[in-house]
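So the chains spell out like this:
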Amino acid sequence: MVKEMKPANTESGIPVLHSAKEGCKPKKFTPDEVLVPNPSFKENQGTKRKIQPGSLSIYELERLENIRQNQVFLSSIKLLEAKQDLKPEKTQRGLKRQNNKVAWTEILPPRTKSLRIQKKEAERLPLPLEPHRIYYEVERIEHARKPEGPISMEPINMEEDSSLPPELLKLWTEDLIKEEKEELGLEEYRSTLKSMELSEIGGVAKVVKSRIFSVAFHPCSSRLLMAAGDKLGGVGLWNLDSDMGDEGVLLFEPHVQPVACMAFSRSHPTDLLTLSYDGTLRSTDVEKAVFDEVYRIKDGLRTFDFLSHDCSTLVTGDWYGDVAIVDRRTPGTSHESLHSLDTKTVRCVHVHPVQKQYIMVAENSIVSIYDARCLKASSREPVSQLYGHSKSISSAYFSPGTGNRVVTTCLDNNIRIYDTSELTSRAPLLTSIQQNLYTGRWLSKLQAMWDPKRDDCFVVGSMQRPRRVQVFHESGQLQHSFQDPEMTTVLSVTAFHPTRNALLGGNASGRLYVFTD
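Residues numbered from 1 in each chain as written. Predicted model: local features only at pLDDT ≥ 70, side-chain atom pairs only at ≥ 80, totals over all residues. Heavy atoms only, no water.

As for the overall build of the protein
Reasoning step 1: Within the protein one finds six helices and 35 strands.
Reasoning step 2: Across the 517 residues of the protein, 47% fall into the buried class.
Reasoning step 3: Considering only contacts in the protein between residues 6 or more positions apart, those separated by 24 or more positions represent 53%.
Reasoning step 4: Summed over its atoms, the accessible surface of the protein is roughly 28800 Å², and 50% of this surface lies on carbon and sulfur atoms. (Helix = DSSP H or I, 4+ residues; strand = E, 2+ residues; numbered from the N terminus. Buried < 20%, exposed > 50% of the residue type's maximum accessible area, 1.4 Å probe, protein only. Contact = heavy atoms within 4.5 Å. Areas by Shrake-Rupley, 256 points an atom, 1.4 Å probe, with all protein chains shown as cover.)

This is the structure we're talking about:
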């Protein structure tokens, strides 16, 4: 509506606004009756303020009046109250935010002060460290390692001297029932995947404090018990549909650096083994309520796997290119044998599910399969090698049933499937799937993981938007994409349940997402 400005009333000196629209009366503003809008206004209320003549222009007076009328109208229809009612209540399942923020803050080393602030002369100081050494010194956080030997299982999110919930012990020692199920066809398998959804009530929980590095399902089938390891050395247990701890979540701190690998044993009673960069490998004994120390080195442990069917023997790999054989039945926390490979680092080790003597090692840009019986030989020639990778390899895993296939994840943005039904010197490449695998510094590396119930399908996180988790066939065909409006972050770490139709994913904020049928 266009306003017409008329000359001021010469008698009173008060400006008058005339509307161009017929039938509208002019509006007069007096200095004592100007209503100035208040951000915390209530219905039909304003703040009166005396304005001296000439301090506000006609345009400013008209603008203030329009704002006041709009606020009165919004209050009359109660629009602001309706807006507040529409906002969903933000509820977080799992760990609760602590009042003491220091417990959640990672302590970084102090910044180096300049020589001027230190009041020192430059010529009297030695030269600084080389650039690569400076990088490692800044990135490395010195933590006090946990003491040697067993550590008490005391949940840090419960009161001091609290005992473990009895339901956890009952679930942990549950007999594992081996059910012989026929493998579903691809059509039936796809239908099963489509039936798996994220529960609206309890499908998401904060299980650990920081970024998740590893996840695992407890093999019991009666209930869903999940474990996650984070960047700060924490291990969280989440019992779905339980109220133990913080809505089913118990948090422990058996390590002080990232828990890079974890796995449940198939023996009875079930055992959870956790491996950390701090150089320790521990087993979880719920009956004794302790974390037993299985293996210990200075630092740099990266990965492990079970070398025997009874899970008594392990194989580990570290950042320095060494592979160690550990026998849990031998007293002490040392290895039975240590073998230095030609590679600079070992990123993943995996044992053949049928022929346990074969160990697959993911090296810099090549995957090699060794015979554990021949590792002591001076040559240590691999039985078979998987070529074709142009950058670092994040993971390499045998198919769970027969070991006839190997899926590898490489930073050259390719997921590759190899034929290992016959261990020849050069394993043939079957399929290569292009996938954006560049996660950057703040996300855990994406890893393709087989479905334990099948020999031909695997799951992997995705960087695509909207966020999703994808399941592929060995031929490269996409079987299903798990998506949900609540899933707004990248689920870098994923795992299928060994017997039930359930999928687990972990993100960089310590939350677990579980999809069930």
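What to know about the UniProt feature "repeat: WD" (unreviewed entry) in the protein
Reasoning step 1: With numbering matched to this structure, UniProt assigns "repeat: WD" (unreviewed entry) to residues 386-419.
Reasoning step 2: Overall, residues 386-419 shows 0% helix and 56% strand. The separation of its end C-alpha atoms is 9 Å. (UniProt positions renumbered as here; feature names shortened; annotations may be inferred.)

A look at a nonpolar patch on the surface
Reasoning step 1: Together, F73, I77 and L79 make up an exposed nonpolar region whose accessible area comes to about 300 Å².
Reasoning step 2: Mapped onto the secondary structure, F73 falls in helix α1 (residues 58-77). (Patch = residues over 30% accessible without salt bridge, like charges linked within 9 Å, V, L, I, M, F, W, Y side chains within 5 Å. Salt bridge = Lys/Arg side-chain N within 4 Å of Asp/Glu carboxyl O.)

A few points about empty space enclosed by the protein
By rolling a water-sized probe across the atoms, one finds the places where empty space is left.
Reasoning step 1: Going through the model one piece at a time under the given rule, you end up with one cavity of 30 Å³ or more.
Reasoning step 2: By volume, the largest cavity is sized at about 30 Å³.
Reasoning step 3: Surrounding the largest cavity, Y189, T192, L193, M196, D451, K453, F496 and N501 form its lining.
Reasoning step 4: If you tally residues by element for the lining of the largest cavity, the top one is helix α6 (residues 186-195), at three residues. (1 Å grid on protein atoms, 1.4 Å probe; cavity = no way out; pocket = protein on both sides within 12 Å on 5 of 7 lines; lining within 4 Å. Points joined across faces, edges and corners; volume = space filled by probe spheres on them.)

Comments concerning the sheet that holds strand β17 (residues 301-306)
Reasoning step 1: Pairing is antiparallel in the open sheet, where four strands are placed in the order β17-β18-β19-β20. On the outer flanks of this sheet lie β17 and β20 (337-340), each paired with one strand and no other. Neighbouring strand axes in the sheet, compared pairwise and without regard to direction, differ in orientation by 20° on average.
Reasoning step 2: Two strands pair when backbone bridges link them, and strand β18 (residues 313-318) and strand β19 (residues 322-327) are joined in this way by five bridges, in the antiparallel orientation. Pairing of T316 across the sheet is with A324, part of β19. (Pairing = 2+ DSSP bridges. Axes fitted to C-alpha atoms, helices over the stretch in contact; angles between N-to-C directions.)

Some points on the nonpolar core
Reasoning step 1: One finds M360, L386, V407, I415 and F458 to be the most contacted residues of the largest nonpolar core, which totals 29 residues.
Reasoning step 2: Listed by contribution, the elements that provide at least two residues to this core are β22 (358-362), β23 (367-371), β25 (393-398), β26 (405-410), β27 (414-419) and β30 (457-461).
Reasoning step 3: It is β25 that provides the largest number of residues to this core, a total of four residues.
Reasoning step 4: Here L386 is in contact with I366, V367, I369, V406, T408, Y418 and A427, once residues within four sequence places are set aside. (Core = buried A, V, L, I, M, F, W, Y, C linked by side-chain atoms within 4.5 Å.)

What about the confidence of the model for the protein?
Reasoning step 1: Within the protein, residue pLDDT values average 84, and 80% of them lie at 70 or more.
Reasoning step 2: Note on residues 1-37: pLDDT is under 50 here. Beyond four places in sequence and across chains, it has 55 contacts.
Reasoning step 3: Contacts for the low-pLDDT stretch residues 132-142, under 50 throughout, to residues beyond four places or in other chains number nine contacts. (pLDDT = per-residue confidence, 0-100.)

Examining the sheet that holds β25
Reasoning step 1: Here four strands make up an open sheet; going across it, the order is β25-β26-β27-β28 and the pairing antiparallel. The open sheet has two edge strands with one neighbour each: β25 and β28 (429-434). Mean inter-strand twist for the sheet, computed between neighbouring axes without regard to direction, equals 15°.
Reasoning step 2: Examined bridge by bridge, β25 and β26 share five bridges and lie antiparallel to one another. Each residue of the ladder has a partner; that of I393, found in β26, is C410.

Observations regarding unusual backbone geometry
Reasoning step 1: Between R465 and P466 the backbone carries a cis peptide bond, its omega angle lying at -5°.
Reasoning step 2: Even without glycine at this site, E247 takes up a positive phi of about 55°.
Reasoning step 3: Topologically, E247 is positioned in the loop between β11 (235-239) and β12 (249-252).
Reasoning step 4: Phi at A289 is positive, roughly 60°, even though this residue is not glycine.
Reasoning step 5: Tracing the backbone shows A289 in the loop between β15 (280-285) and β16 (290-296).

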